[in-house]
Amino acid sequence: MSSPYLQGEALAAAVADGAATLTSRFGAAPAIAVVLGSGWSGASESLRDAQRMPYTELPGWPLPRVQGHVNELVVGATAAGTRVAMLRGRAHTYESGDCTGMAAPIRTLKAWGVQVIVLTNASGSLRAHQPPGSLMLISDHLNAPQRSPLVGLTGMDRFCDMTAAWDAELRKTVLARARVLGEPLHEGIYCWALGPQFETPAEIRMFQAWGADAVGMSTVPDVILARHAGMRALGLALMTNMGAGLSDEALTHELTLSEANKNAERAEHFLTEALDAIHKTL
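Presented here is an overview of the structure given in this document.

Conventions adopted
Residues numbered from 1 in each chain as written. Predicted model: local features only at pLDDT ≥ 70, side-chain atom pairs only at ≥ 80, totals over all residues. Heavy atoms only, no water. Axes fitted to C-alpha atoms, helices over the stretch in contact; angles between N-to-C directions. Helix = DSSP H or I, 4+ residues; strand = E, 2+ residues; numbered from the N terminus. Parallel < 35°, antiparallel > 145°, perpendicular 65-115°, else oblique. Left-handed = near helix turned anticlockwise from the far one by under 90°. Contact = heavy atoms within 4.5 Å. Nonpolar A, V, L, I, M, F, W, Y, C, P; charged D, E, K, R; others polar. Buried < 20%, exposed > 50% of the residue type's maximum accessible area, 1.4 Å probe, protein only. Phe/Tyr/Trp six-rings, centres within 6.5 Å; stacked < 30°, edge-to-face > 60°. 1 Å grid on protein atoms, 1.4 Å probe; cavity = no way out; pocket = protein on both sides within 12 Å on 5 of 7 lines; lining within 4 Å. Points joined across faces, edges and corners; volume = space filled by probe spheres on them. Core = buried A, V, L, I, M, F, W, Y, C linked by side-chain atoms within 4.5 Å.

With respect to the packing of helix 4 (residues 168-181) against helix 8 (residues 264-281)
Any two packed helices are characterised by how steeply their axes cross, that is the angle between the axes, and by the distance between the axes. Put simply, helix 4 and helix 8 touch, their axes get as near as 9 Å, and they point 125 degrees apart. Classified by the interaxial angle, the pair formed by helix 4 and helix 8 is oblique. In the packing of helix 4 onto helix 8, the handedness of the crossing is right-handed. Facing helix 4, whose interface residues are Leu170, Thr173, Val174, Arg177, Ala178 and Leu181, helix 8 presents Phe270, Glu273, Ala274, Ala277, Ile278 and Thr281. In terms of residue class, the contact of helix 4 with helix 8 is built from eight nonpolar, two polar and two charged.

Here it is in structure tokens:
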């Protein structure tokens, strides 16, 4: 099956064109960009002097069709003055079977000049100590499908070191900010499952045995692309449910969105605080 996304020379040309388009529209790149997952999207609404651009104006950018994703780039500043780019929508591998959907956006952001990418998502909790509504800082991840957006690349740099995929200094900064705010922030391992079906109880027990603390259907392809591009990465997960077999709830996307919306205001406020804290260290 052919990829629905640009590859090779076509992707490289799209990245160059996209970076030039962003510079023309927004000027110099902010140091930080954020991919807004379910429950986090409202953070873009609080940005001052916000400018918006639909993904359709950026070559090679995907148009996800997942409920809750808007498919626009927003550039503005937090109340404290931190300039940031926010992506309201990400491609998921389960939409097409291809995990390269975020290659054009992430490489375009890097070519534009973004240094740090913050990846957010809604996740299922695998641990009783972080029930729905909890926030988790991603310290490491498990790539359960063993898919990589780097497959097909040539050259030595395709052998990307993922030892420090989730930047330790960024995590330290955000944990310190959480303590000051009195915001409970767990730290743990995120497991990527392909989806779109939810996991079985047996799969959840397997992921727990592997050491995972949360599970979701995104984020890992994004961080692989970001690290390959030379960007620093931070991950924040909002727990919207317990994993299959860990509660009596039937798992649905509607439940995910409902629980995300219940906790969105707190998650979005903490995200803004985290961005301000990170910006001070750059």
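A closer look at helix 3 (residues 103-112)
Of all 10 residues in helix 3, eight are buried; the element is thus mostly enclosed. Within the sequence span of helix 3, burial applies to Ala103, Ala104, Pro105, Ile106, Arg107, Thr108, Leu109 and Trp112. Taken together, the buried residues of helix 3 touch helix 1 (8-26), strand 1 (32-35), strand 3 (72-77), strand 4 (83-88), strand 5 (116-125) and helix 6 (220-229). Looking at the residues trailing helix 3, positive phi occurs at Gly113, about 125 degrees.

Side note on the packing of aromatic side chains
The description of two aromatic rings rests on the distance between their centres and on the angle between their planes. Within the structure shown, the criterion is met by three aromatic pairs. Between Phe26 and Trp112 the ring centres are 6.0 Å apart and the planes differ by 50 degrees, which places this aromatic pair in the tilted class. With Phe26 in helix 1 and Trp112 in helix 3, this residue pair connects regions lying 86 residues apart in the sequence. Comparing Phe26 with Trp112 shows no difference in burial state: the two are buried. Plain terms: the ring middles of Tyr55 and Trp61 are 5.1 Å apart, the flat faces sit at 70 degrees to each other, and that makes the pair edge-to-face.

Re the packing of helix 1 against helix 3
Across the interface, helix 1 lies against helix 3 with an axial gap of 8 Å and an inter-helix angle of 55 degrees. The orientation of helix 1 with respect to helix 3, classified from their angle, is oblique. As for how helix 1 packs across helix 3, the hand of that crossing is right-handed. Facing helix 1, whose interface residues are Leu11, Ala14, Val15, Gly18, Ala19, Leu22, Thr23 and Phe26, helix 3 presents Ala103, Ala104, Arg107, Thr108, Ala111 and Trp112. In terms of residue class, the contact of helix 1 with helix 3 is built from 10 nonpolar, three polar and one charged.

Regarding unusual backbone geometry
Going from Gly195 to Pro196, the amide bond is cis rather than trans, its omega being 5 degrees. Its location among the elements puts Pro196 in the loop between strand 7 (185-192) and helix 5 (201-210). Phi at Gln146 takes a positive value of approximately 50 degrees, unusual for a residue other than glycine. Along the chain, Gln146 turns up in the loop between strand 6 (135-143) and helix 4.

Some details on empty space enclosed by the protein
Within the structure shown, the criterion is met by two cavities of 30 Å³ or more. Taken as a whole, the largest cavity spans an internal volume of roughly 40 Å³. Contributing to the lining of the largest cavity are Tyr5, Ala91, His92, Thr93, Asp98, Cys99, Gly101, Met102, Pro221 and Asp222. Partitioning the lining of the largest cavity into residue classes produces five nonpolar, three polar and two charged. The calculated volume of the second largest cavity comes to roughly 30 Å³.

A few points about the nonpolar core
By size, the foremost hydrophobic cluster in this structure holds 45 residues, and its most contacted members are Leu73, Leu87, Leu109, Trp112, Ile117 and Met231. Per-element accounting of this core gives the leading share, six residues, to helix 6. Aside from chain neighbours lying at most four places away, what touches Ile117 is Ala33, Val35, Ile106, Leu109, Ala226, Met231, Arg232, Ala233 and Leu234. Core analysis: the next-biggest nonpolar cluster, separate from the first, contains 29 residues, Ala31, Leu135, Leu236 and Ala267 among them.

A word on the layout of surface pockets
Looking at the largest pocket, its volume works out to about 350 Å³. Looking at the lining of the largest pocket, the elements with two or more residues in it are strand 5, strand 8 (214-216), strand 9 (232-242) and helix 7 (253-262). Ranked by residue count, the leading element in the lining of the largest pocket is strand 5, at four residues. Approximately 190 Å³ is the volume found for the second largest pocket. Lining the second largest pocket are Pro4, Tyr5, Leu6, Gly60, Pro62, Leu63, Pro64, Arg65, Ala91, Glu95 and Ser96. Of the residues that constitute the lining of the second largest pocket, the class distribution is seven nonpolar, two polar and two charged.

Let's talk about the side chain of Arg107
By the secondary structure assignment, Arg107 is in helix 3. Each residue touching Arg107, except ones within four places of it in the same chain, is listed here: Leu11, Val15, Leu150, Leu153, Leu225 and His228.

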